Amino acid sequence: MATIHHLLLAATLLILASASTAAATAVEYCNKGRDYPVKVSGVEVVPDPVVRGEPATFKISASTDKSITEGKLVVDVTYFIFHVHSETHNLCDETPCPATGEFVLASQQTLPSFTPPGSYSITMKLLGDSNEELTCISFGFSIGFVNPVAIS
């Protein structure tokens, strides 16, 4: 009887851990007093929380009056107070160029299965063709404590 309860508990945890839910994520500008040329209206992290060893997508909804034909997206990740990762992407690989009006930046990452669970912070800077800062935001995301592979 105890074995059935353990199997039901494991199945329930597997379903909960593998559910792909999307939720709006709170976003802050790096410099709250600055009038950035690119305005960010929201960030969506799918799945939320992120599952180790599985693809995660970060979608940034933004708008601008400019026509951005080239640039780069600089991403810095911290875990508590520790800087753990940096990467730079070509803007036109993350969204169709020229980016003008409303657009979405989408970046997909697969975190290694040994990534520690917990709360992380991301700072994303969008730099124009002359390295001018078009926007800078920070937001948090979580990596789940349960890895669906570990249950089986």
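Here is what the cut-offs are and how they apply
As a convention, each chain's residues are numbered from 1 in the sequence order in which they are written. In view of the model being predicted, local features appear only for residues whose pLDDT reaches at least 70, and side-chain atom pairs are presented and counted only at 80 or more, with totals across whole chains, interfaces and linings using the full set of residues. Side-chain metrics in this entry use all non-hydrogen atoms of the structure; hydrogen atoms and water are not considered. We call a pair of cysteine sulfur atoms a disulfide whenever their separation is within 2.5 Å. Secondary structure counts use DSSP, requiring at least four H or I residues in a row for a helix and at least two E residues in a row for a strand, with both numbered from the N terminus. Burial classification: accessible surface area is computed with a 1.4 Å probe over protein chains only, and a residue below 20% of its type maximum counts as buried, one above 50% as exposed, and the rest as partly exposed. The predictor reports its confidence for every residue as pLDDT, a score running from 0 up to 100. In what follows, a contact means two residues having at least one pair of non-hydrogen atoms within 4.5 Å.

1. Section: the state of the cysteines
A covalent bond between the sulfur atoms of two cysteines is what we call a disulfide.
Thinking step 1. Following the criterion strictly, the structure yields 2 disulfides and no others.
Thinking step 2. Shown here is the disulfide that connects C30 with C136, its sulfur atoms set 1.9 Å apart. Here C30 and C136 share a disulfide; its torsion about the S-S bond, -65 degrees, makes the bridge left-handed. Residue C30 is found in the loop between strand 2 (27-29) and strand 3 (38-46), and its partner C136 is found in strand 9 (residues 133-143); the two are separated by 106 residues along the sequence.
Thinking step 3. The class of C30 is partly exposed, set by a relative accessible area of 38%.
Thinking step 4. Classification of C136 by relative accessible area gives buried; the value is 2%.
Thinking step 5. Covalent S-S linkage joins C92 and C97, the inter-sulfur distance amounting to 2.0 Å.

2. Details of the confidence of the model for the protein chain
Thinking step 1. Chain-level pLDDT for the protein chain is 81 on average; 80% of the residues reach the 70-or-more range.
Thinking step 2. Here helix 1 (residues 2-18) stands out as the element of the protein chain with the lowest mean pLDDT, 30, in contrast to strand 3, whose mean of 95 is the highest.
Thinking step 3. Here residues 1-22 scores under 50 on pLDDT; set against residues more than four positions off or in separate chains, the count is 16 contacts.

3. Considerations on unusual backbone geometry
Thinking step 1. Note the cis peptide between D48 and P49, where omega equals 10 degrees.
Thinking step 2. Locating P49 in the fold gives a position in the loop between strand 3 and strand 4 (55-68).
Thinking step 3. The omega angle of the peptide bond from C97 to P98 is 0 degrees, so this bond is cis rather than trans.
Thinking step 4. Following the sequence through the fold, P98 ends up in the loop between helix 2 (91-94) and strand 7 (99-110).
Thinking step 5. Of note in the backbone geometry, F80 takes a positive phi value of approximately 60 degrees without being a glycine.
Thinking step 6. Among the structural elements, F80 can be located in the loop between strand 5 (71-79) and strand 6 (82-90).
Thinking step 7. Unlike most non-glycine residues, N131 shows phi in positive territory, near 65 degrees.
Thinking step 8. You can see N131 is positioned in the loop between strand 8 (118-128) and strand 9.
Thinking step 9. Classification of N131 by relative accessible area gives partly exposed; the value is 47%.

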